[in-house]
Amino acid sequence: DAGVTQSPTHLIKTRGQQVTLRCSPKSGHDTVSWYQQALGQGPQFIFQYYEEEERQRGNFPDRFSGHQFPNYSSELNVNALLLGDSALYLCASSSDPAGNYGYTFGSGTRLTVV
Amino acid sequence: QKEVEQNSGPLSVPEGAIASLNCTYSDRGSQSFFWYRQYSGKSPELIMSIYSNGDKEDGRFTAQLNKASQYVSLLIRDSQPSDSATYLCAVNAPGGFKTIFGAGTRLFVKA
């Protein structure tokens, strides 16, 4: 049973560029949340997708956008990259949109903006 | 005030000792609480969830919840070097779909 799969594993981009990160949730999970984790910090909530809709959004600018597909996989897009966007981006899936069972995390995408 | 607060540590305990990790949260309406373990360079892994006041035990781990004091703790008995990691406290925001994480406490277990 595959867990949460994220791609790519690592990515280096230049300021001002755009990036797309991808996530396939764990089998049986239909809810996907995205988190940003800076070095030495806890994960920060970006947004959650359920039934192909953004259900809730954290304190992130509109440069961060996402999508969920009918097969529950999801993408995170970041436009006009800033140096401060360098972080580990984590995808987390669950079978409950309220998150009451906790999350299964993917291994993350390490984004470096230069 | 941060929504979920943890002592960043590091917390250092000898092998075989009890490690005690603490967390406070600000929203009194929160109902679901979690502890995740994150090894260096890896992603968080769910180790405990607790929903009611009191203690919940799972193997060497015990989670404790006190909603009146808005306090959650994790006890690790018979600590092993393999328990050395960052422990993240997480709380579900009431009425929404967001889980809020603390900054984590780094634990070192000395052999």
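In this report, the structure presented in the accompanying data block is examined. (Residues numbered from 1 in each chain as written. Chains lettered and ligands numbered in written order. Predicted model: local features only at pLDDT ≥ 70, side-chain atom pairs only at ≥ 80, totals over all residues. Heavy atoms only, no water.)

Residue and element names in this part refer to chain A. Ordered by their spatial adjacency, four strands build an open sheet running β1-β3-β8-β7, and the pairing between neighbours is antiparallel. What marks the edges here is a single partner per strand, and that holds for β1 (5-7) and β7 (64-68). Going from strand to strand, the sheet's axes swing by 15 degrees on average, the running direction of each strand aside. Here strand β3 (residues 19-24) runs beside strand β8 (residues 74-78); their pairing, made up of five bridges, is antiparallel. Within the sheet, the bridge partner assigned to Val19 lies in β8 and is Val78. (Pairing = 2+ DSSP bridges. Helix = DSSP H or I, 4+ residues; strand = E, 2+ residues; numbered from the N terminus. Axes fitted to C-alpha atoms, helices over the stretch in contact; angles between N-to-C directions.)

With that settled, the discussion passes to the sheet that holds strand β1 (residues 4-6) of chain B. All names here are of chain B. Pairing within the open sheet is antiparallel, and its five strands lie in the order β1-β3-β8-β7-β6. Whereas interior strands pair on both sides, the edge strands pair on one side only; in this sheet they are β1 and β6 (54-58). The average undirected angle you get between the axes of adjacent strands in this sheet is 20 degrees. Strand direction decides the pairing type here: strand β7 (residues 61-66) and strand β8 (residues 71-76), joined by six bridges, are antiparallel. When the sheet's bridge partners are listed, Thr62 is paired in β8 with Leu75.

Further remarks concern the packing of aromatic side chains. With the rule as written, the count across this model stands at 13 aromatic pairs over all chains. Aromatic pair Tyr103 of chain A and Phe105 of chain A: ring centres 6.2 Å apart, planes at 85 degrees, arrangement edge-to-face. In this structure, Tyr103 of chain A and Phe105 of chain A share a single accessibility class: buried. Look at Phe34 of chain B and Tyr51 of chain B: their rings are 6.3 Å apart centre to centre, the planes differ by 85 degrees, and that puts the pair in the edge-to-face class. Taken together, the residues span a long stretch of sequence, with Phe34 of chain B in strand β4 (residues 33-38) and Tyr51 of chain B in the loop between β5 (45-50) and β6 at a distance of 17 residues. Overall, Tyr51 of chain B belongs to the partly exposed group, its relative accessible area being 31%. Ring-pair connections join several aromatic residues into one group, and the members of that group are Tyr35, Phe45, Tyr103 and Phe105 of chain A together with Phe34, Tyr36, Tyr51 and Phe101 of chain B. Seen from the ring of Phe97 of chain B, Arg55 of chain A lies directly overhead, with NZ or CZ sitting 5.5 Å from the centre. The ring of Phe61 of chain B carries the charged tip of Arg60 of chain B above its face, separated from the ring centre by 5.6 Å. (Phe/Tyr/Trp six-rings, centres within 6.5 Å; stacked < 30°, edge-to-face > 60°. Buried < 20%, exposed > 50% of the residue type's maximum accessible area, 1.4 Å probe, protein only. Lys NZ or Arg CZ within 6 Å of the ring centre and 35° of its normal.)

On to the pairing of strand β3 (residues 19-25) of chain B, then. Residue and element names in this part refer to chain B. Of the two faces of β3, only the one carrying Ala19, Leu21, Cys23 and Tyr25 is buried; Ser20, Asn22 and Thr24 on the other face are not. With three bridges connecting them, β1 and β3 associate as antiparallel partners. Its bridge partner being in β3, Gln6 is matched across the sheet by Cys23.

Moving on: the nonpolar core. The biggest cluster of nonpolar side chains holds 25 residues, and the ones touching the most others in it are Trp35, Val72, Leu74, Ile76 and Tyr87 of chain B. Looking at this core, the elements that each hand over two or more residues are β3, β4, β5, β7, β8, β9 (85-92) and β11 (105-110) of chain B. Counting residues in each nonpolar core, the second largest holds 20 residues, with Tyr49, Leu76, Tyr89 and Leu111 of chain A among its members. (Core = buried A, V, L, I, M, F, W, Y, C linked by side-chain atoms within 4.5 Å.)

Here we come to the layout of surface pockets. Space inside the largest pocket adds up to approximately 470 Å³. Lining the largest pocket we find 23 residues, and of these Gly40 of chain A together with Gln38, Ser40, Thr86 and Arg106 of chain B sit closest to its centre. Those elements giving two or more residues to the lining of the largest pocket turn out to be β9 and β11 of chain B. No other element matches the four residues that β11 of chain B contributes to the lining of the largest pocket. Here the residues of the lining of the largest pocket are counted per class, giving nine nonpolar, eleven polar and three charged. Counted as a void, the second largest pocket has a volume near 340 Å³. Taken together, 18 residues form the lining of the second largest pocket, with Pro43 and Gln44 of chain A together with Glu3, Ile100 and Phe101 of chain B sitting closest to its centre. Mapped by element, the contributors of at least two residues to the lining of the second largest pocket are β5 (44-50) of chain A together with β10 (99-101) of chain B. Counting residues per element, the lining of the second largest pocket draws most heavily on β10 of chain B, at three residues. Along the lines of polarity and charge, the residues of the lining of the second largest pocket split into eight nonpolar, seven polar and three charged. (1 Å grid on protein atoms, 1.4 Å probe; cavity = no way out; pocket = protein on both sides within 12 Å on 5 of 7 lines; lining within 4 Å. Points joined across faces, edges and corners; volume = space filled by probe spheres on them. Nonpolar A, V, L, I, M, F, W, Y, C, P; charged D, E, K, R; others polar.)

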